[in-house]
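Descriptive analysis of the structure
As a plain string of letters, each chain reads:
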Amino acid sequence: MSDFIIDTTNGLMREGNACRDPYDHLGAIEWVDKQIEFAERENFVSGIGLIPFIKELQGDLVGCEIGVCHGFTTEAFANSIPNIKKLYAIDNYPAYVDWDGTRITRERQDEIKRRCFERISKFPCIEISYDSSDEFHSKLEDNSLDFIFVDGDHSYNAAYKDFVNYLPKVKKGGVFAGHDIYLNSVQQAIKDALGEKAREVRTVENNAWFIIV
């Protein structure tokens, strides 16, 4: 079990037999092929529903995505929002066990990372960082972002920490957003980290959510 660091629902290690991934028997390259095939077939781009709201922001925009994975949302932002001046893409690609038991091994993450780089490195506005979200937040000044999409570790503790760390980084009137709001861990982290602002949360397609700061 040394390959896996977290169960993103409960913050606990999962046993391998808890995995319900029908493609778990595949090697890293074939497994990543299946993930990409599913995302493209189902048009499952996590943050695509946020684009109309980000596009309402004026001027040269600076944004950030925590938890880039394959880079589908990063690519969609860069392609669809022409006034993005800088988009930080933050992911340290750790090995872990996801909330549904899916095993994201070191080999699978290395393949995802490689393909993501190929996908998004062509955009001059994107700055890729392989820091953890906890490491990267200290490199940003408060009120320096126009928008952020938090789609990293969805355990309560990690999500809460990301929300607390990055909320001050977003300018007043900016978009503070995240993913997988259907998870109890994320819902509770939103309530505890955002306080009264949690009542203003709006949801969009593919389980994304946002508030205007």
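Scope of this entry: the structure provided in the associated data block. As the structure is a computational prediction, the values presented were derived from the model and not from experiment. (Residues numbered from 1 in each chain as written. Predicted model: local features only at pLDDT ≥ 70, side-chain atom pairs only at ≥ 80, totals over all residues. Heavy atoms only, no water.)

It is worth spelling out the pairing of strand S6 (residues 145-150) at this point. A regular strand places its side chains on the two faces of the sheet in alternate fashion. Summarising burial for S6: six of the six residues are buried, a large majority. Sheet topology note: the strand S1 (residues 61-66)/S6 ladder contains four bridges and is parallel. Bridging across to S6, isoleucine 66 finds its partner in valine 150. Here S6 pairs with strand S7 (residues 170-178) via five bridges, running parallel. Across the sheet, residue leucine 145 finds its bridge partner in S7, namely valine 170. Taking the sense of rotation as the criterion, the β-α-β connection linking S6, helix H6 (residues 156-166) and S7 turns out right-handed. (Buried < 20%, exposed > 50% of the residue type's maximum accessible area, 1.4 Å probe, protein only. Helix = DSSP H or I, 4+ residues; strand = E, 2+ residues; numbered from the N terminus. Pairing = 2+ DSSP bridges. Right-handed = clockwise from strand over helix to strand, strands pointing away.)

Looking now at the sheet that holds strand S5 (residues 126-129). Across a sheet, paired strands are connected by hydrogen bonds in the backbone, their directions being either parallel or antiparallel. As summarised here, the arrangement of the seven strands in space is S5-S2-S1-S6-S7-S9-S8, forming an open sheet in which the pairing is mixed. Taken across any chain shown, the strands that pair with only one partner, and hence form the sheet edges, are S5 and strand S8 (202-204). This sheet shows a mean twist of 20 degrees between the axes of neighbouring strands, independent of strand direction. (Axes fitted to C-alpha atoms, helices over the stretch in contact; angles between N-to-C directions.)

Scanning the model with the defined rule gives 16 salt bridges in all. With a closest N to O distance of 3.4 Å, aspartate 134 and lysine 161 form a salt bridge. Highlighted residues: aspartate 134 in helix H5 (residues 133-136) and lysine 161 in helix H6, separated in sequence by 27 residues. For lysine 161, a relative accessible area of 42% gives the class partly exposed. Through salt bridges with shared partners, a single ionic network connects Asp33, Glu111, Arg114, Arg115 and Glu118. (Salt bridge = Lys/Arg side-chain N within 4 Å of Asp/Glu carboxyl O.)

A large share of helix H3 (residues 72-80) lies buried, amounting to seven of its nine residues. Within the sequence span of H3, burial applies to Phe72, Thr73, Thr74, Glu75, Ala76, Phe77 and Ala78.

Here H6 crosses helix H7 (residues 184-194) at 35 degrees, and the two axes come no closer than 8 Å. In this structure, H6 crosses over H7, and the sense of that crossing is right-handed. On H7, the residues that touch Tyr156, Ala159, Tyr160, Phe163 and Val164 of H6 are Ser185, Val186, Gln188, Ala189, Ile190, Asp192, Ala193 and Leu194. A breakdown of the residues in the contact of H6 with H7 according to their chemical character gives 10 nonpolar, two polar and one charged. (Left-handed = near helix turned anticlockwise from the far one by under 90°. Contact = heavy atoms within 4.5 Å. Nonpolar A, V, L, I, M, F, W, Y, C, P; charged D, E, K, R; others polar.)

Glancing now at the pairing of S7. In the sheet, S7 pairs with strand S9 (residues 208-212) via four bridges, with the strands oriented antiparallel. Pairing of valine 175 across the sheet is with isoleucine 212, part of S9.

Remark: helix H1 (residues 28-41) packs on helix H4 (residues 106-120), axes separated minimally by 9 Å, with the N-to-C direction vectors making an angle of 55 degrees. Judged by the angle between their axes, H1 and H4 are oblique. Read as a crossing pair, H1 and H4 show a hand that is right-handed. Contact with H1, carried on its side by Ala28, Ile29, Trp31, Val32, Asp33, Ile36 and Glu40, involves Glu107, Arg108, Glu111, Ile112, Arg115 and Arg119 of H4 and no other residues of that element. (Parallel < 35°, antiparallel > 145°, perpendicular 65-115°, else oblique.)

Before going further, it helps to examine the nonpolar core. Ranked by internal contacts, the top residues of the largest apolar core, which has 35 residues, are Leu50, Ile54, Phe77, Ile126 and Phe147. Filtering out sequence-adjacent residues up to four positions away, phenylalanine 77 remains in contact with Gly47, Leu50, Ile51, Ile54, Ile84, Leu87, Phe147 and Phe149. One finds Ile66, Leu145, Leu194 and Trp209 within the second-largest nonpolar core, a separate group that totals 25 residues. (Core = buried A, V, L, I, M, F, W, Y, C linked by side-chain atoms within 4.5 Å.)

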